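Given next are the chains, with one letter for each unit.
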Amino acid sequence: MAPEMIYLDHAATTPTDPRVVEAMLPYFSERFGNSSSIYRLGRSSLEALDDARESVAGLIGARRKEIIFTSGGSEADNLAIKGVAFAQREAGRGNHIITSAIEHHAVLHSVEYLEHFGFEITVLPVDETGLISLDDLRAALRSTTVLVSIMAANNEIGTIQPIAEIGAICREHDVLFHTDAVQMVGALPVDVKALNVDLLSLTAHKFYGPKGVGALYMRRGVPLLPQINGGSQERRLRAGTENVPGIVGLATALRIAVEQMDFASRHCTLLRDRLIDGIAERISYVQLNGHRSARLPNNVNLSFEFIEGESMLLLLDQQGIYASSGSACTSGSLDPSHVLMALDSSPERAHGSLRLTVGRENTVAQIDRVLELLPPIVERLRSVSPMYKQFTAQRAVAT
Ligand SMILES: *Cc1c(COP(=O)(O)O)cnc(C)c1O
């Protein structure tokens, strides 16, 4: 019999909650109408869209008109960054953008794209825990800065940035502030006003909603040029017939995530710390990547010396345990993670990394099973590691 599946890759995606699927179903069948049509069938879709928008806005402290539905987190990031950059330059405000070295590629590649169009980019470094420095940010601001984009919580190492403070600095200097909050929304309380943000990205499939649907919060009055042109949907800021089932799913998933947040964050923190402490007790030469306390409740990222994360993944997979090394988007490539490299870690340390991200449906028994299976896997890989052989030989000589 195949071993029980233990899914520990919630930062990559989450299973869609059955209640979310249930809420979406009518919008594939009897309520399939186009929300732009004026007959009743279309109006029923429009109402669902309005309700979803109202609900999502309310859950993050925004107004209905400040929510733009997109195809996910990547599109929300692209729309925020390119949309603001081009609108600001057109208004003669400047061409300088500030971001950080550990952003998701949806942000980093968007700013790199803008470089080809004459924008100037400053990429802020992070310290060994993954935090940017507020002094670095202040020093990087110019009179031509039109946008700062710093993620709320990192998808690989879980580090949480001081978003409200970053936002306050941007306000002081009259610079717009975008945050990719994809990993934070649904996991921790998010209030766009308290966070001092002008734009914020989120995506449903990271909080038990469907894939392919997300949203951008855009504070009223923020200048933004659409990046998908066509019909007048989403207040002319994002053309295309709305993904009504997906949007209903996003709103339902966010409502459930917020309702269960207290339980889920306590539960995940408990599982997270059981993993971190349990592995530290059982396995030597392991380091925690990221910040010990300014950390997402569900994130464990560890570097195991002398071995490759990819090899660990394969052996864990054979046991039905699904984890990740680095980020899912770059797995398959042999380049070390840009996030781990930005922490000043060696390529070896980056290659030896394993990310385990827990979710509300994981159990203590599952964590204990991982704690039982992981040590022999690490031992087996180290026993065939030339680096480990060299290390133990040197140690034998030294003692
Ligand atoms: C997953 C993720 C994205 C991309 O979201 P998609 O909906 O998959 O496009 C962007 N940013 C972060 C931090 C993520 O974790």
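Since we're looking at a predicted model, the values are computed, not measured.

Rules used in this analysis
- Residues numbered from 1 in each chain as written.
- Predicted model: local features only at pLDDT ≥ 70, side-chain atom pairs only at ≥ 80, totals over all residues.
- Heavy atoms only, no water.
- Patch = residues over 30% accessible without salt bridge, like charges linked within 9 Å, V, L, I, M, F, W, Y side chains within 5 Å.
- Areas by Shrake-Rupley, 256 points an atom, 1.4 Å probe, with all protein chains shown as cover.
- Salt bridge = Lys/Arg side-chain N within 4 Å of Asp/Glu carboxyl O.
- Helix = DSSP H or I, 4+ residues; strand = E, 2+ residues; numbered from the N terminus.
- Buried < 20%, exposed > 50% of the residue type's maximum accessible area, 1.4 Å probe, protein only.
- Near = heavy atom within 4 Å.
- Polar contact = N/O pair within 3.5 Å; in protein donor to acceptor, adjacent residues only side chain to side chain.
- Pairing = 2+ DSSP bridges.
- Domains from an automatic or database assignment.
- Contact = heavy atoms within 4.5 Å.
- Buried area = accessible area lost by both parts, 1.4 Å probe.
- Nonpolar A, V, L, I, M, F, W, Y, C, P; charged D, E, K, R; others polar.
- Lys, Arg positive; Asp, Glu negative; His and termini not counted.
- Phe/Tyr/Trp six-rings, centres within 6.5 Å; stacked < 30°, edge-to-face > 60°.

A cluster of nonpolar side chains, contributed by Val-21, Leu-25 and Phe-28, occupies part of the molecular surface with about 280 Å² of accessible area. Within the secondary structure, Phe-28 is located in the loop between helix H1 (18-24) and helix H2 (40-59). The exposure class of Phe-28 is exposed, given its relative accessible area of 53%.

Right, let's talk about the environment of Val-84 for a bit. With respect to the secondary-structure elements, Val-84 resides in helix H3 (residues 73-90). Residue Val-84 is classed as buried on the basis of its relative accessible area, which comes to 0%.

What follows concerns the site of the ligand. The local shell around the ligand holds 13 residues, among which Ser-74, Asp-180, Gln-183, Thr-203 and Lys-206 are the closest. Gln-183 is positioned such that a nitrogen or oxygen atom in its side chain is 2.7 Å from an oxygen atom of the ligand. Thr-203 has a polar side-chain atom sitting 2.7 Å from an oxygen atom of the ligand. Across the complex, the protein chains shield 87% of the 380 Å² of accessible surface that the ligand would expose by itself. Considering each element in turn, the shell around the ligand owes the most residues, 3 residues, to H3.

Taken as a whole and judged by the stated rule, the model has 17 salt bridges. Its salt-bridge partner being Glu-120, residue Arg-142 comes within 2.7 Å of it at the nearest N-O pair. Taken together, the residues Arg-142 in the loop between helix H5 (134-140) and strand S5 (145-149) and Glu-120 in strand S4 (residues 120-124) connect sequence positions 22 residues apart. Of the charged contacts in the structure, one is a salt bridge between Asp-198 and Arg-219, with a shortest N-O distance of 2.7 Å. Taken together, the residues Asp-198 in the loop between strand S6 (176-180) and strand S7 (199-203) and Arg-219 in the loop between strand S8 (214-218) and helix H7 (244-259) connect sequence positions 21 residues apart.

Take the pairing of strand S12 (residues 353-357) next. Where burial is concerned, most of S12 is hidden: 5 out of the 5 residues are buried. Along S12, one buried face is formed by Ser-353, Arg-355 and Thr-357 and the opposite face, lined by Leu-354 and Leu-356, is buried too. Examined bridge by bridge, strand S10 (residues 299-304) and S12 share 5 bridges and lie antiparallel to one another. Considered in S12, the bridge of Ser-303 is made with Ser-353.

Bringing the domain arrangement of the protein chain into the picture now. Each assigned domain of the protein chain is listed with its residue range as follows: domain 1 (6-14 + 261-391) and domain 2 (18-259). Look at where the C-alpha atoms of domain 1 and domain 2 centre, and you get two points 29 Å apart. The interface of domain 1 with domain 2 comprises 30 residues on the first partner and 36 residues on the second. Taken together, the two surfaces of domain 1 and domain 2 that pack against each other cover about 2,700 Å², and 56% of this comes from carbon and sulfur. Area buried by domain 1 at its contact with domain 2 is led by Met-261, Leu-296 and Arg-360, which between them contribute 28% of it. Run the count over domain 1 and domain 2 and you get 0 salt bridges. Our count for the contact surface shared by domain 1 and domain 2 stands at 20 residue pairs in polar contact (both at pLDDT 80 or more). When contributions to the side of domain 1 that touches domain 2 are tallied by element, the ones reaching two or more residues are helix H8 (261-282), S10 and helix H10 (338-342). If one sorts the elements of the side of domain 1 that touches domain 2 by residue count, H10 sits on top with 4 residues. Its residues assigned to classes, the side of domain 1 that touches domain 2 shows 11 nonpolar, 15 polar and 4 charged.

Note on placement: Asp-180 falls in strand S6. Within the buried core, Asp-180 has no salt-bridge partner, and the shortest N-O distance to an opposite charge, that of Lys-206, equals 7.4 Å. Engagement of the side chain of Asp-180 in a polar contact is seen with the backbone nitrogen of Val-182, the distance being 3.0 Å. Once you skip the residues sitting within four places of it in the chain, Asp-180 turns out to touch Asp-77, His-104, Val-107, Ile-150, Met-151, Ala-152, Ala-153 and Ser-201.

Below, the discussion takes up the packing of aromatic side chains. Here a ring pair, both rings aromatic, is described through the centre-centre distance and the interplanar angle of the planes. Summed over all chains, the structure comprises 8 aromatic pairs. Ring geometry for Phe-86 against Phe-119: centres 5.6 Å apart, planes inclined by 80°, an arrangement best described as edge-to-face. Note that Phe-86 is positioned in helix H3 and Phe-119 in the loop between helix H4 (105-115) and S4, a separation of 33 residues in sequence. The class for Phe-86 is buried, based on a relative accessible area of 18%. Both rings, one in Phe-306 and one in Tyr-388, keep their centres 5.1 Å apart while their planes meet at 55°; by these two values the pair is tilted. Of this pair, Phe-306 sits in the loop between S10 and helix H9 (309-318) while Tyr-388 sits in helix H13 (residues 386-398), and the two are 82 residues apart along the sequence. Tyr-388 gets classed as partly exposed once you look at its relative accessible area, which sits at 21%.

Below, the discussion takes up the side chain of Asp-9. As for its placement among the helices and strands, Asp-9 is situated in the loop between strand S1 (6-7) and H1. Every residue in contact with Asp-9, bar those within four places of it in the chain, is listed here: Tyr-322, Ala-323, Ser-324, Arg-355 and Thr-357.

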